[in-house]
Amino acid sequence: TIENSNFLLAHYQFEGEFTDASGNGLDGTANGDAPVVFDPAIGSNVVTLDGDGDFVDLGNDALFNWQGAWTAAYWVKLRNWDEGWDTFLKKDGAFSFERNVEAEELAFYHWPNWTGTNVELTNDGQWHHIAATLDGQSQSYYLDGELWASVPNAGAFGDNENPVILGSAQGTGRFIDASFDDLRIYGAALTEDQVKDLAKLETANFIVANYTFTSDF
């Protein structure tokens, strides 16, 4: 079970709008054409970005300058890689999930102690669960609940006023053609078993459409 509910900094379920379900009031703002639509493949509403100027600005609240242990996790359905650093989720100067330009992989790294990790992610049109954790000693990266990489990294995040952006780098470029669901940011490093649990949650929707999560994760 996920027992880090007190450390849930932000949670975006995309159920009709961009409300933060964590209780911290970190609501997002859509820019461009970023519709929330029902996706029968995952059985819930999702935000859909077309790679042509769409993104969601999650703001620059001080909570996003968290300096301790940390996790970001979300579901993504990638439709198309461009030829550049297509960006999934980024706070410039702090962390980024973006395309590795040398391969069809999704890189994760953070500043200022830059250490890159990658998972293999192709534009197969399927839903995949992505998670990255930092625990003060190591940086771990997961795809569909499975650990792909873990490297030593004791560095903290860069502290700045840049916003967290879903689907772009700073809202000015590197837009992504993809859909997203159940984006969570924790002020704690989830364990491997907890990441596996997150990857199983939405999988229930693949079987039972319109499943609603009511537990306090």
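Here, every reference points to the structure presented above.
Cut-offs used in this document
- Residues numbered from 1 in each chain as written.
- Predicted model: local features only at pLDDT ≥ 70, side-chain atom pairs only at ≥ 80, totals over all residues.
- Heavy atoms only, no water.
- Buried < 20%, exposed > 50% of the residue type's maximum accessible area, 1.4 Å probe, protein only.
- Helix = DSSP H or I, 4+ residues; strand = E, 2+ residues; numbered from the N terminus.
- Arc of directions from axis to C-beta.
- Core = buried A, V, L, I, M, F, W, Y, C linked by side-chain atoms within 4.5 Å.
- Contact = heavy atoms within 4.5 Å.
- Pairing = 2+ DSSP bridges.
- Axes fitted to C-alpha atoms, helices over the stretch in contact; angles between N-to-C directions.
- Salt bridge = Lys/Arg side-chain N within 4 Å of Asp/Glu carboxyl O.
- Lys, Arg positive; Asp, Glu negative; His and termini not counted.
- Polar contact = N/O pair within 3.5 Å; in protein donor to acceptor, adjacent residues only side chain to side chain.

(A) Inspection of helix α1 (residues 192-201) at higher detail. Every buried residue of α1 is listed here: Gln194, Val195, Leu198, Ala199 and Leu201. Down the axis, α1 shows its buried residues gathered within 155° of arc, on one side only. Opposite the packed face of α1, turned more than 90 degrees from it, sit the exposed residues Asp193 and Lys200.

(B) Looking closely at the nonpolar core. In terms of nonpolar packing, the biggest core is built from 40 residues, with Tyr74, Phe88, Leu89, Phe97, Leu106 and Phe180 touching the most fellow members. Here this core takes 5 residues from strand β6 (residues 70-80), the largest share from any one element. Leave out the neighbours within four places in its chain, and Phe97 touches Trp70, Ala72, Tyr74, Thr87, Phe88, Leu89, Leu106, Ala107, Phe108, Ile130, Ala132 and Tyr141. Of all hydrophobic cores here, the second largest spans 9 residues; its members include Leu8, Tyr142, Leu190 and Leu198.

(C) The arrangement of the sheet that holds strand β7 (residues 87-91) in detail. Read across the sheet, 7 strands follow the order β2-β5-β14-β7-β8-β9-β10 without closing on themselves; strand pairing throughout is antiparallel. The open sheet terminates on both sides in strands that have one partner only, identified here as β2 (29-31) and β10 (117-120). Strand-to-strand twist in this sheet, taken as the mean axis angle between neighbours without regard to direction, amounts to 25°. Strand direction decides the pairing type here: β7 and strand β8 (residues 95-100), joined by 4 bridges, are antiparallel. The residue bridging Lys90 from the neighbouring strand is Ser96, located in β8.

(D) Summary view of the pattern of salt bridges. This model, assessed by the stated rule, comprises 7 salt bridges. When the shortest N-O distance is used, the salt bridge between Lys90 and Asp92 registers 3.7 Å. Across the pair Arg174 and Glu98 runs a salt bridge, and its minimum N-O distance is 3.6 Å. Here Glu98 lies in strand β8 and Arg174 lies in the loop between β14 (164-166) and β15 (177-186), a separation of 76 residues in the sequence. Where salt bridges share partners, they join Lys90, Asp92, Glu98 and Arg174 into one cluster.

(E) Structural detail: the side chain of Asp20. Mapped onto the elements, Asp20 comes out in the loop between β1 (8-12) and β2. For the buried Asp20, which has no salt bridge, the nearest side chain bearing the opposite charge is Arg184, at an N-O separation of 10 Å. Engagement of the side chain of Asp20 in a polar contact is seen with the side chain of Ser22, the distance being 2.8 Å. Side-chain polar atoms of Asp20 contact the backbone nitrogen of Leu26, separated by 3.0 Å. In this view, Asp20 contacts Leu9, Ala10, His11, Tyr12, Gly25, Leu26 and Asp27; residues no more than four positions away in its chain are not counted.

(F) Just the pairing of strand β11 (residues 127-134), in detail. Most of β11 is tucked away: 8 of the 8 residues are buried. Judged by which residues are buried, β11 turns out to be covered on both faces: Trp127, His129, Ala131 and Thr133 on one side and His128, Ile130, Ala132 and Leu134 on the other are all buried. Here β6 pairs with β11 via 8 bridges, running antiparallel. Considered in β11, the bridge of Tyr74 is made with Ile130. Pairing analysis gives 5 bridges linking β11 to strand β12 (residues 138-143), with the strands arranged antiparallel. Bridging from a neighbouring strand, Ala131 pairs with Tyr142 of β12.

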